[in-house]
Structure formats: C-alpha cells, structure tokens
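Next come the chains, spelled out residue by residue.
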Amino acid sequence: MMKQCIQAFASAMFGRNKFRHDLRSKRVRDTSFAALDLELTSLDASTSQITSIGYVVGKAGRISLSSGGYHIIKTNADLGQSPVIHGLTQDILSEGEDLKDGLTALLRLCDKHILLFHNARLDLMALNSAFKRCQLPQIEITYIDTLQLALYQLNKQHQVLPNNSATLTVCRQRLDLPAFPAHNALDDALATLQLFFAQLNELGITPDDSLEALLHTKAVGKYQLG
C-alpha cells in the first residue's frame, strides 16, 4: 500500500513538473488561443446538453475573425427556460447539425491551440459528457479560464466579492471593453478572447513571457475529454 502511494505521488509530481515545463516553453506571442463557448439546456453539467458551439482563434493580441465557427446542435432534450436566454427554440434546433459533427470541428482546435473558456468547469464537463456520448477518441487539452483570472484579481481587491462580479459582461466592463451581444455562442467566444488579451495586460504579462507566468492564478489547467 505504501509503495502504491509513493508511486502515485511521484507520478503526480512528474505530471505537474512536465506541465510546468510545457507552459514554460510556450511564449505568449507564439501561442495560438482558441476561445470556446457553449450554449446549454441548463446549468447542470451532469444532465445538460449542448445547443450551440462557438469559437474563434487569436494570437499575439490579434483576433482572426475569419477563424470563427458557429454550430447549432440538433437536440430533443428538454430545453427548460434556456430559449429565453439564448433564443434557440426547438424549431431552430431541429434544423441543427448532429452533435458529433460539431464536436469533430472542435477536435481540430484542440490539437493546435490553448483553449479559453469563461467558466471552464461547466463547459468542460458538458464537453466531456458529449465526447463520451459520441464515442470520440480521448484527447487531453490545455485550457485557461478567464473567470478564474478575474477572480484572482478580484480577490486581491476585496475580502468579500460583490454579487455577479465575475460574469463575462461585468469583467469586460471593469476593463473598459465595449458592450457585446451576450448569449450567442460565437459572440461570447469573441468576447472571451478579447477579455483574455485585456487580462494579460492587466496582469502585466508581456508577449515575451511564457504561459508559466499564469500558473499562480490557478486559471491554467489540463483536462481529458472523453
């Protein structure tokens, strides 16, 4: 038992050190980021289903608008109150594409980009469930959570955080970014990418810094999908 514990600890330490080394080898200016957003049927990741996927790529503070993608996903799931938020009714969703086709488009992003999310936990859990449901191959991704970056900064300024202080809209307002049309997956992905570049500036991260400089914020992680 003791030997197994030692081996597990050594394996975990090796994994963390390797992850740190990988991040140290990636300079901000040379790294491609893909912001990803999902619209879901609910906020319960264990049962929620994806209704749309949006993504856009950026590098060195520049956004490639031509890289943007938007997929409406066909589903017969109970939509609850979600159409009130994202406007995707059952009639619209019935004309959407299969979930597997939408996820296959994402696989091309996962190999070559660091993924950006605002509230990574919810979207990653929903993606993981969808990958398993579609029997797609397992893939390990590196991600950065702009919500966690915002909380890192807010926790330095407040003992008790104000209500709704870390929503995507409020985070953008705090950094003087323009208003955007929320609750469309592509618009939210674009807004997340813009926010991330502004957060790097706020944190004093330069283009010549490596991604290791973000580790202390606890916003960077690895996750296995599928």
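Okay, so let's go over this structure. (Residues numbered from 1 in each chain as written. Predicted model: local features only at pLDDT ≥ 70, side-chain atom pairs only at ≥ 80, totals over all residues. Heavy atoms only, no water.)

### Some remarks on the overall build of the chain
Counting secondary structure elements, the chain contains eight helices and six strands. Each helix and strand of the chain, placed in order from N terminus to C terminus, yields the pattern α-β-β-β-α-α-α-β-α-β-α-α-α-β. The C-alpha radius of gyration computed for the chain amounts to 18 Å, which stays within 12% of the reference 17 Å derived for 226 residues, consistent with globular compactness. Projected onto its principal axes, the C-alpha coordinates of the chain cover approximately 50 × 50 × 40 Å. Across the 226 residues in the chain, those meeting the buried criterion constitute 46%. Considering only intrachain contacts with a sequence separation of at least 6, the fraction spanning at least 24 residues in the chain is 69%. Working note: accessible area of the chain is about 12,200 Å², and carbon and sulfur atoms make up 51% of it. (Helix = DSSP H or I, 4+ residues; strand = E, 2+ residues; numbered from the N terminus. Rg over C-alpha atoms; globule rule 2.2 N^0.38 Å. Buried < 20%, exposed > 50% of the residue type's maximum accessible area, 1.4 Å probe, protein only. Contact = heavy atoms within 4.5 Å. Areas by Shrake-Rupley, 256 points an atom, 1.4 Å probe, with all protein chains shown as cover.)

### Section: unusual backbone geometry
Even without glycine at this site, A60 takes up a positive phi of about 55°. Positionally, A60 belongs in the loop between strand 2 (50-59) and strand 3 (62-72). Looking at A60, the relative accessible area reads 48%, which means it is partly exposed. Of note in the backbone geometry, D176 takes a positive phi value of approximately 60° without being a glycine. Note that D176 resides in the loop between helix 7 (168-174) and helix 8 (185-203). On the basis of relative accessible area, D176 is assigned to the exposed category, the value being 71%.

### Notes on helix 8
Along its 19 residues, helix 8 runs 26 Å from first to last C-alpha, staying within 8% of the 27 Å computed at 1.5 Å per residue. Of the positions making up helix 8, those classed as buried are A185, D188, A189, A191, T192, L193, L195, F196, F197, A198, Q199 and L200. Capping the start of helix 8, N184 holds a side-chain oxygen 3.0 Å from the backbone nitrogen of L186, two or three residues further along. Backbone geometry just downstream of helix 8 places G204 in the positive-phi region, at approximately 75°. (Expected span 1.5 Å × (residues − 1). Polar contact = N/O pair within 3.5 Å; in protein donor to acceptor, adjacent residues only side chain to side chain.)

### Thoughts on the packing of aromatic side chains
Considering all chains together, one arrives at three aromatic pairs under this definition. Relative to F197, the ring of F33 has its centre 6.4 Å away and its plane inclined at 80°; by these criteria the two rings are edge-to-face. With F33 in strand 1 (residues 32-40) and F197 in helix 8, the pair connects residues that are 164 residues apart, well separated along the chain. Each member of the pair, F33 as well as F197, carries the same accessibility label: buried. Plain terms: the ring middles of F196 and F197 are 5.9 Å apart, the flat faces sit at 45° to each other, and that makes the pair tilted. With relative accessibility at 0%, the residue F196 sits in the buried group. Feature note: the residues F33, F196 and F197 constitute an aromatic cluster, connected by ring pairs. (Phe/Tyr/Trp six-rings, centres within 6.5 Å; stacked < 30°, edge-to-face > 60°.)

Any link to function would need more than the numbers given here.
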